[in-house]
Amino acid sequence: MAFRAQSPLLSALRSAQLARASVRFASTGAKPLTLKERLAELIPTEIEKVKQIRAEHGKKSFGPVLVDQLYGGMRGLPALIWDGSVLDAEEGIRFRGKSIPECQELLPKAPGGSEPLPEGLFWLLLTGEIPTQEQVKELSREWAARAAVPEFVEEILDRCPPTLHPMSQFSLAVTALNHDSAFAKAYQEGISKKDYWQSTFEDSMDLIAKLPNIAGTIYRNVFGDGKLPPIDPEKDYSHNLATLLGFDNEAFVELLRLYITIHSDHEGGNVSAHTGKLVGSALSDPFLAFGASLNGLAGPLHGLANQEVLIWLRKMQAKIGENASDEAVKEYVWSTLKAGQVVPGYGHAVLRKTDPRYTAQREFALKHMGNDPLFKLVAQVYSVVPDILLEAGKAKNPWPNVDAHSGVLLSHYGLTQMQFYTVLFGVSRAFGVAAQLIWDRALGAPLERPKSYSSDAIHKMFKQ
Ligand SMILES: CC(C)(COP(=O)(O)OP(=O)(O)OC[C@H]1O[C@@H](n2cnc3c(N)ncnc32)[C@H](O)[C@@H]1OP(=O)(O)O)[C@@H](O)C(=O)NCCC(=O)NCCS
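Computed from a predicted structure; not experimentally measured.

### Let's talk about the overall build of the chain
Stage number 1. Check the secondary structure of the chain and you find 21 helices and 4 strands.
Stage number 2. Relative to the globule expectation of 23 Å for 464 residues, the C-alpha radius of gyration of the chain, 25 Å, shows essentially globular dimensions.
Stage number 3. Across the 464 residues that make up the chain, the buried fraction comes to 42%.
Stage number 4. Taking the intrachain contacts of the chain between residues at least 6 apart in sequence as the baseline, contacts between residues at least 24 apart amount to 73%.

This is the structure:
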């Protein structure tokens, strides 16, 4: 009997049919398969099917997109509008057209300080304008005045076991703030669409204002004595945040100013920014929307990477010791890759060069802590990892991202509890998500609802 050559896709589909037939046959056996066992049987066939579809059709257009983009996490797909910040693959982030060094130069600073005040960055994100010193001072005062957290939210945090990850606690508390949402109340009372932005603005201001108290409570409950000092209405946001965490070193406050500014926003498509926008598009209020953002930020491929980097560096130090040779560092990096793990803090879905947020932190480190052994290790890792990732040949971007550097700076000043690092990323990310939510409501952005397809639809479209 003559066999006709079959396309790999058809063979994959045929295997799937055979797998389905075999389950019918198997069902006559003694012990029926559990749902999980059955799934475990199906998965390898489906993986093969997707591989084949991408190999045969990946570069073909499926409507306005490529098949590869359907399967590939929508990389590069133009799908969102956000004027607040734009990420260039080569140059990095610009906030309303301004690079990080330009923001450092132009945004107002605290008296005697040299890093930008995040208050100014929020003003810039919302208006595209550089505020005056008095305007940011007023914003600091307004946030301090709105900073109190409802008692029941404090109680929720106090009841969390210290073993619950700080990001889960953070997300719980932020979600619970929706109890007092001005937007949710106004919506129930039947406000007009054109007024949505106003209560969204009020909620966003409350959200940002309350985050230092929430972050401080989590930090002190999990790692300290649970007692929180009061906010000082005459101090700026970062200063109050540092005090709530129990740090009074002025250099640490400067670090927080830089940290919040550079972590605030990274255009609209990253997981936390996009999640906030998506959930907000259902007219969920800013607390619900940002709670969802935080859950995305808590993933190790996104914000949790800053925790992962420090854990990885500490393990490396424990294994190869301080002042290890480049060869020993290289070997450790290779062992990470060979174990099927990613090198945390390296690579990016959009960037193809060293992240300017990494560079800004490196410059801060050179200025304030050039001799810190962990900073030296971070610099050494920077000198060896890109070549290794290039040689390994998988990562599209071998260069460091923001998370490769943030932990070492915090740890230098005594904030050594790595599980807390992503909470600080979350406090910062609220600035970008809130600005986006306000503009989305002002512009009447519609409910997000992209279309999903089955793999069979792709197969049908391209069958001869
Ligand atoms: C950020 C990240 C998730 C981007 O993912 P992406 O857009 O899919 O990246 P790429 O297209 O370059 O990935 C292609 C392959 O290289 C791998 N890769 C990417 N970065 C890598 C890294 N730092 N170490 C090892 N492998 C890496 C990917 O896991 C993927 O492997 P696969 O084909 O087996 O799935 C990825 O670079 C990563 O996991 N980095 C480490 C975690 C991190 O630092 N996250 C914070 C980002 S700001």
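### Section: the site of the ligand
Stage number 1. Around the ligand lies a shell of 18 residues, among which Ala305, Gly347, Ala349, Ala395 and Lys396 are the nearest.
Stage number 2. Classifying every residue of the shell around the ligand gives 10 nonpolar, 5 polar and 3 charged.

### Structural notes on helix 2 (residues 35–57)
Stage number 1. For helix 2, built from 23 residues, the straight-helix expectation of 33 Å at 1.5 Å per residue is met to within 8% by its first-to-last C-alpha distance of 31 Å.
Stage number 2. Along helix 2, the sharpest change in direction is near 30 degrees and occurs at Leu42; proline Pro44 comes one to four residues later.
Stage number 3. Within helix 2 the residues assigned to the buried category are Lys49, Ile53 and His57.

### A look at the nonpolar core
Stage number 1. Membership of the largest hydrophobic core comes to 102 residues, with the highest contact counts inside it found for Ile208, Ala430, Phe431 and Ala434.
Stage number 2. Sort the elements by how many residues they give to this core and helix 20 (residues 421–442) lands first, with 12 residues.
Stage number 3. Not counting chain neighbours up to four residues away, the residues in contact with Ile208 comprise Trp143, Ala430, Phe431 and Ala434.

### Here's the deal with the packing of helix 12 (residues 250–263) against helix 20
Stage number 1. Packing of helix 12 against helix 20 leaves a shortest axis separation of 7 Å and a crossing angle of 55 degrees. With respect to helix 20, the axis of helix 12 lies oblique. When the axes of helix 12 and helix 20 are compared, the crossing they make is right-handed. When helix 12 is examined against helix 20, the residues Tyr259, Ile260 and His263 are found in contact with a partner set consisting of Leu424, Phe425, Val427, Ser428, Arg429 and Phe431.
Stage number 2. In terms of residue class, the contact of helix 12 with helix 20 is built from 6 nonpolar, 2 polar and 1 charged.

### Some remarks on unusual backbone geometry
Stage number 1. One non-glycine residue, Arg96, adopts positive backbone phi at about 45 degrees.
Stage number 2. Among the structural elements, Arg96 can be located in the loop between strand 4 (92–95) and helix 4 (100–106).
Stage number 3. Phi is positive for Leu283, close to 65 degrees, though the residue is something other than glycine.
Stage number 4. Residue classification places Leu283 among the partly exposed residues on the basis of 16 C-beta atoms within 10 Å.

### Comments concerning the pairing of strand 3 (residues 85–88)
Stage number 1. Pairing of strand 3 with strand 4 involves 4 bridges; the strand directions are antiparallel. Bridge pairing links Asp88 to Gly92 in strand 4.
Stage number 2. As consecutive antiparallel partners, strand 3 and strand 4 are separated by 3 residues.

### Here's the deal with the packing of helix 15 (residues 305–320) against helix 19 (residues 403–412)
Stage number 1. Contact geometry of helix 15 with helix 19 gives a least axis separation of 8 Å together with a crossing angle of 70 degrees. On the basis of their axis angle, the class for helix 15 and helix 19 is roughly perpendicular. The handedness of the crossing between helix 15 and helix 19 is right-handed. In this structure, helix 15 contributes Ala305, Asn306, Val309 and Leu310 to the contact, and helix 19 contributes Asp403, Ala404, Ser406, Gly407 and Ser411.
Stage number 2. Taken together, the residues of the contact of helix 15 with helix 19 sort by class into 4 nonpolar, 4 polar and 1 charged.

### What to know about helix 18 (residues 373–392)
Stage number 1. Helix length check: helix 18, at 20 residues, gives a terminal C-alpha distance of 28 Å against a target of 28 Å (1.5 Å per residue), a fit within 8%.
Stage number 2. Of all the bends in helix 18, the greatest, near 30 degrees, is centred on Val384, and the proline Pro386 appears no more than four residues after it.
Stage number 3. In this structure, the buried residues of helix 18 make contact with helix 15, helix 16 (326–338), helix 17 (356–368) and helix 19.
Stage number 4. Where helix 18 ends, the next residue or the one after it, Gly393, has phi of about 80 degrees, a positive value.

### Topic: the environment of Tyr382
Stage number 1. Looking at the element boundaries, Tyr382 is found in helix 18.
Stage number 2. Residues Tyr382 and Gly347 lie 35 residues apart in sequence; the distance between their C-alpha atoms is 12 Å.

### A few points about the environment of Pro356
Stage number 1. Looking at the element boundaries, Pro356 is found in helix 17.
Stage number 2. Residue classification places Pro356 among the partly exposed positions, given that 19 C-beta atoms sit within 10 Å.
Stage number 3. C-alpha of Pro356 to C-alpha of Val402: the two residues are 46 residues apart in sequence and 7.8 Å apart in space.
Stage number 4. For Pro356, the contacting residues outside a window of four places in its chain are Gly92, Ile93, Ser99 and Ile100.

### Some points on the environment of Ala434
Stage number 1. Within the secondary structure layout, Ala434 lies in helix 20.
Stage number 2. Spatially, the C-alpha atoms of Ala434 and Asp180 are 16 Å apart, while their sequence positions differ by 254 residues.
Stage number 3. Those residues in contact with Ala434 that sit more than four places away from it in its chain are Ser204, Leu207, Ile208 and Pro286.

### Topic: the confidence of the model for the chain
Stage number 1. Looking at the chain as a whole, its pLDDT mean stands at 93, while 94% of the residues score no less than 70.
Stage number 2. A low-confidence stretch, residues 1–6 stays under pLDDT 50, and its non-local contacts, those more than four residues away or across chains, total 1 contact.
Stage number 3. Of the regions scoring below 50 in pLDDT, residues 23–27 engages in 4 contacts with residues more than four places distant in sequence or in other chains.

Rules used in this analysis
Along each chain, residue indices are assigned from 1 in the same order as the chain's sequence is written. For a predicted model such as this one, the threshold for reporting local features is a pLDDT of at least 70, and the threshold for listing and counting side-chain atom pairs is 80 or more; totals across whole chains, interfaces and linings nevertheless cover every residue. Per the convention used, a helix needs a DSSP run of H or I reaching at least four residues, while a strand needs a run of E reaching at least two, with both numbered from the N terminus. Here the globule rule reads 2.2 Å times residues to the power 0.38, and the radius of gyration is calculated from C-alpha atoms. To assign burial, the other C-beta atoms lying within 10 Å of each residue's own C-beta are counted, with C-beta atoms placed from the backbone; 20 or more indicates buried, 12 or fewer indicates exposed, and intermediate counts indicate partly exposed. A pair of residues counts as a contact when their C-beta atoms, built from backbone coordinates, are within 7 Å of each other. Each residue receives a C-beta atom built from its backbone; the residue is near a molecule or strand if that atom lies within 6 Å of it. Gly counts as polar in this scheme, as do all residues outside two lists: the nonpolar Ala, Val, Leu, Ile, Met, Phe, Trp, Tyr, Cys and Pro, and the charged Asp, Glu, Lys and Arg. Under the convention used throughout, the expected extent of a helix is 1.5 Å for every residue step, that is, one less than its residue count. The bend at a residue is defined as the angle formed between two axes, one fitted to the seven residues ending at that residue and one fitted to the seven starting there. Joining buried Ala, Val, Leu, Ile, Met, Phe, Trp, Tyr and Cys residues through C-beta atoms within 7 Å gives a set, and that set is a nonpolar core. For every element, the axis is a line fit to its C-alpha atoms; helices are fit only across the contacting stretch, and the angle between N-to-C directions ranges from 0 to 180 degrees. We call two directions roughly parallel when the angle between them is under 35 degrees, roughly antiparallel when it is over 145, roughly perpendicular when it lies between 65 and 115, and oblique otherwise. Two helices cross in a left-handed way if the nearer one is turned anticlockwise from the farther one by less than a right angle. They cross in a right-handed way if the turn is clockwise. Two strands pair under a simple rule: DSSP has to find at least two bridges between them. Each residue carries a pLDDT value, the predictor's own confidence for that position, ranging from 0 to 100.

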